[in-house]
Amino acid sequence: MTVRALNPMGYPPEVTQVHMAERFDTLSGRRVYLVDARFDDSDIFMRQMEAWFRENRPDIDARYVAKRGIYTQPDPELFARIRDEGAAAVVGVGH
Amino acid sequence: MQTDIFQTAVLQTAWAEGMPHERFVYVPQPVMGQTAARLRQYIDGNDPLTGRPVMQEVIEALTLPLSETERAAVRFDRSTPRYVDAESEEALARLFMDNHWTDYLPIVLPTEERVQAMLAGTSHSPQEIVGRLRPTSTREAWQFDVEKVAINAVMAGARPAYLPVILALAASGQTARGSTTSSAASMAVVNGPVRHSIGMNWGIGALGPYNHANATIGRAWGLLSQNLQGGSVPGQTYLGSMGNNYAYNSLTFAENEEASPWEPFHVRHGLEPYQSAVSVFGGCRATAYILGLREAHWREHVQNLLRGLNPHTPPALIMDPITARLFVERGGFATPAALEDWLWEHATLPAGVYWDYQLIQNYVYPRAQNGEQPWATWLDVPPETLVPMFRREDIHVIVVGGETNGYWRMMGCNYGRTVPVDPWY
């Protein structure tokens, strides 16, 4: 005999695919923003990454930048600047 | 860049945001509290999940052409069947547990008949949308209706008469299963006539397992939160490092309005005494306690309790009526507002110490930099200058207990809102 109950889960929202950006074949001579997401000492981490680029890939214009607001909030101004002036961005360190 | 322990949650979130192939590189956990030299070792080292050099992966993530898989359209199937079937009641109970739909205590299986009986507790349509919940502000919110709330109320062992309170909790938008790594719980304070009509406890043992309504309303809030928000699964949709035992019934109790020397909590938040309401709090972690108010040094004792809290989480004083009357007689606080004023004025820290708290750095410092008051004003004061630990409006006072003694507690938690219960009948 089958026993039946009602499903206790809620209704999930629809998901709309966000397509990935095309990549440059090289970052040489281009600007990469290293975005401090402002979570738990991520500023120290991202500055160390900036130092790595300076020492190992000086041909890449890697720039540390701190996102405004707490880590859960977007920073439209910064994101627009990255889109207009940057080739790529690394965002970290989060969870 | 992410730390490795969060891989599952990261991939889940990316999928739900429509970016199932977003490129991530992982470094070891933790980043917090590590020296610059240690973090440089992370960068010079290998991704702990792939074993490949971190910076090689970073460069590749930014330069490798998109693969066919990454370019392809993705179908996001999110169907949730209305029914759950099994061969026996025992197997069905096991299925609920295996699906992470329970709190690992026995549940009442939500059969159609039982859910129908629960729905008799409200005049609202089973299909009426109640609200949306999410584990944390960075996760997607799931929607739910009256029937879904009733299903979880059945599972918790609640009675139909409790359903309006449970619906009000569900409508609050405050989850009782927050995913924060800090392992916070939530708290619910019920006011008004409904306390009497459903037999809640505000006296001896009100915050303990000694009353059917307190126990099952709180449990229902927890179960509905985890299920209606899309889960509370460790490592996925729950990331509390230690967990929190308060979460079993989310500190659900009624205020002792009858013995309190002050206006009830809900009246101080815009409702009338004849109305019923539930007030929700989140971020419940720290609890300090003390007995009474000593004549000579009560001020210092209270200040010691205040300084024991994290300045990111303001105090709610949960006090027995004996202590409430002492605050009136010994402290001269004719109203809770007067006491809250005093607490705000005396909860202070040197600015240098205040700004160095990790949670203040994470959550307050960026807001101060954006010019938000009152914090922006405190950015430039000398480090030894005393600044308030909390905002005045975030400090609260609640009276509960059976007067077996004058113990009282200071709970670090964030007041959310007060939700009327009556509209849910």
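Everything below is about the structure printed above this text.
Residues numbered from 1 in each chain as written. Chains lettered and ligands numbered in written order. Predicted model: local features only at pLDDT ≥ 70, side-chain atom pairs only at ≥ 80, totals over all residues. Heavy atoms only, no water.

1. Section: the sheet that holds strand β14 (residues 407-412) of chain B
Residue and element names in this part refer to chain B. Test applied: A pair of strands is considered paired only if DSSP assigns at least 2 bridges between the two. The numbering of helices and of strands both runs from the N terminus, where a helix is a DSSP run of H or I of at least 4 residues and a strand a run of E of at least 2. Note on geometry: axes are C-alpha line fits, over the in-contact stretch for helices, and angles between N-to-C directions span 0 to 180 degrees. Between two residues, a contact is recorded if the distance between any of their heavy atoms is within 4.5 Å.
The four strands lie next to each other as β9-β14-β10-β13, forming an open sheet whose pairing is mixed. Edge positions in the open sheet fall to β9 (287-291) and β13 (396-399), since each of these has one partner strand only. Strand-to-strand twist across the sheet, computed as the mean angle between neighbouring axes with direction ignored, equals 20 degrees. With five bridges connecting them, strand β10 (residues 315-319) and β14 associate as antiparallel partners. The partner of P315 across the bridge, within β14, is G412. The sheet contacts of helix α11 (residues 298-307) involve β9, β10 and β14, and relative to β14 the element is tilted by about 30 degrees.

2. A short note on the sheet that holds strand β8 (residues 277-284) of chain B
Residues and elements named next belong to chain B. An order of β7-β6-β8-β15 is seen for the four strands of this open sheet, with the pairing classed as mixed. The two strands at the open ends of the sheet, each matched to only one other strand, are β7 (252-254) and β15 (414-420). Along the sheet, successive strands turn relative to each other by an average axial angle of 20 degrees, direction set aside. Where strand β6 (residues 185-191) and β7 come together, three bridges link them in parallel fashion. Along β7, the bridge assignment pairs V189 with F253. Of the strands in this sheet, β6, β8 and β15 touch helix α8 (residues 163-171), which is tilted by about 45 degrees from β8.

3. Comments concerning the packing of aromatic side chains
How we decide: Stacked, edge-to-face and tilted are the three classes for Phe, Tyr and Trp ring pairs, Trp counted by its six-membered ring, which pair at centre distances within 6.5 Å; planes under 30 degrees apart are stacked, over 60 edge-to-face, the rest tilted. Note on geometry: a ring has a charge over it if NZ (lysine) or CZ (arginine) is within 6 Å of the ring centre and within 35 degrees of the ring normal.
If you walk through the whole model with that rule in mind, you get 19 aromatic pairs over all chains. When the centroid spacing of 6.0 Å and the interplanar angle of 35 degrees are considered together, the rings of Y289 of chain B and Y407 of chain B count as tilted. With Y289 of chain B in strand β9 and Y407 of chain B in strand β14, this residue pair connects regions lying 118 residues apart in the sequence. One aromatic cluster in this structure is built from W298, F327, F333, W342 and W408 of chain B. The ring centre of Y64 of chain A lies 3.8 Å from the NZ or CZ of R47 of chain A, which sits over that ring. The ring of W202 of chain B carries the charged tip of R195 of chain B above its face, separated from the ring centre by 4.5 Å.

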